[in-house]
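Residues per chain, in single letters:
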Amino acid sequence: MAKLSEQQLKAQIKAGQYSNAYLIYGEESYLKEYYVSKLRSKLIDPAFEAFNYHSFDGKDSSLDDILKDAQMLPMMSGYNFILVRDYPVEKSQADIKLLCAFLDDVPETTVLVFWYDALEIDIKSAGWRSVEKAFDKAGACVNLEKRRESDVVKLLVNGAKKRGSVLTSENASYLISVSGNDMKTLLNELDKLSNYCSNAEITKQIIDNMAVKSLQARVYDLSKAIVAGKSDNAYEVIDTLFTLKTEPVIILSAISGVYVDMYRVKCAKAAGLSYDDVSKHYNYRGREFALKNASRDCALLTQQQLRESLDAILNADLKMKSTAVDKRLLLEELTAKLLLIAREAMYA
């Protein structure tokens, strides 16, 4: 068949016109799980699930066992459904050849789904391209990427309405900036907020008081405090992150990402462009709010200050990965340096 978009996959399932093989992967874990569940519910009669549904965890299964079940005929049903989660097919050239040979002649009554959820894959590797090509020919490849922020906003607004609450587009965008762009997390937050605000509006204040903040949102608070020269607030964020037992290297990576965002936006503005132009050249799909925050925070910093800040972050990263220095002390020292740079002060 070919590569399918999310909309094409949705239409295919709705029409009951299934492929015999699906390769499902991509950044958005919620959508992958959602469509795998949809395929399972549509293809399997619960009365005969024990005979026609075969599920495999890739790390504990052999490809021989998987393909053996994939060749079975369904009982009292139209399809034999095989679901394989996170199979490390690239680990073996023999597995790749065996899988490709099977996909060259999939039984008409079989629907084989390879679902990549937690396992990281190298989509540019020769092995993966061979597997993708074989699934393309036998059925369909579906890359479920992060939805654009505008699409997630619509989902949240409509979802609130279905749950008996009210959420404006503006506050939906704010919820994304607070809790991150993972759809499963956002829908869990929406359930909680809607239960609290039954038949009422989910306001910004309620989001601030009740929504769980993502690491990224906490680091935005940190950068905002640094840029404003509010050292007490900055160290309070650092303290909170350590209280939550966040890995220091992850904190530093998030700080680096925020400053890279600010530098990109600052350079774009210097060239007469907007943060929307930055989004076109870099992958900000689903996290456009990051550029909005960057546009806000970088206004008080010069390009030179941002370069110095990035140098300080790089040096901290090198120390964290190559020395035994206390990592909390290192992050607190970095925060002090960033505060001094923001105040146009020099440090030794």
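Residues numbered from 1 in each chain as written. Predicted model: local features only at pLDDT ≥ 70, side-chain atom pairs only at ≥ 80, totals over all residues. Heavy atoms only, no water.

### Observations regarding the environment of A342
1) Next: Its location among the elements puts A342 in helix α17 (residues 327-342).
2) Next: Residues A342 and L39 lie 303 residues apart in sequence; the distance between their C-alpha atoms is 53 Å.
3) Next: Setting aside its immediate chain neighbours within four residues, A342 contacts I226, V227, L301 and Q305. (Helix = DSSP H or I, 4+ residues; strand = E, 2+ residues; numbered from the N terminus. Contact = heavy atoms within 4.5 Å.)

### So, the packing of helix α7 (residues 149-162) against helix α8 (residues 169-179)
1) Next: Where α7 meets α8, the axes come as close as 9 Å, and the angle between the chain directions of the two elements is 115 degrees. Put simply, α7 runs roughly perpendicular to α8. In the crossing of α7 with α8, the sense of the turn from one axis to the other is right-handed. In contact with E149, V152, V153, L156 and V157 of α7, α8 contributes S169, A172, S173, L175 and I176.
2) Next: Classifying every residue of the contact of α7 with α8 by side-chain character gives seven nonpolar, two polar and one charged. (Axes fitted to C-alpha atoms, helices over the stretch in contact; angles between N-to-C directions. Parallel < 35°, antiparallel > 145°, perpendicular 65-115°, else oblique. Left-handed = near helix turned anticlockwise from the far one by under 90°. Nonpolar A, V, L, I, M, F, W, Y, C, P; charged D, E, K, R; others polar.)

### Concerning the pairing of strand β3 (residues 53-57)
1) Next: As defined by bridge partners, β3 adjoins strand β4 (residues 80-85) across five bridges and the pair is classed as parallel. Across the sheet, S55 pairs through a bridge with L83, a residue of β4.
2) Next: This β-α-β element, β3 to helix α4 (residues 63-70) to β4, shows right-handed connectivity. (Pairing = 2+ DSSP bridges. Right-handed = clockwise from strand over helix to strand, strands pointing away.)

### Focus: helix α5 (residues 93-103)
1) Next: Those residues of α5 lying buried are D95, I96, L99, F102 and L103. The buried side chains of α5 occupy one side of the element, clustering within an arc of 130 degrees when seen end-on. Residues Q93, A94, K97 and A101 are exposed on α5 and point more than 90 degrees away from its buried face.
2) Next: Buried residues along α5 sit in contact with β2 (21-25), α4, β5 (110-115) and α6 (126-138).
3) Next: The N-capping residue of α5, defined by a side-chain oxygen 3.2 Å from the backbone nitrogen of A94, is S92. (Buried < 20%, exposed > 50% of the residue type's maximum accessible area, 1.4 Å probe, protein only. Arc of directions from axis to C-beta. Polar contact = N/O pair within 3.5 Å; in protein donor to acceptor, adjacent residues only side chain to side chain.)

Any link to function would need more than the numbers given here.
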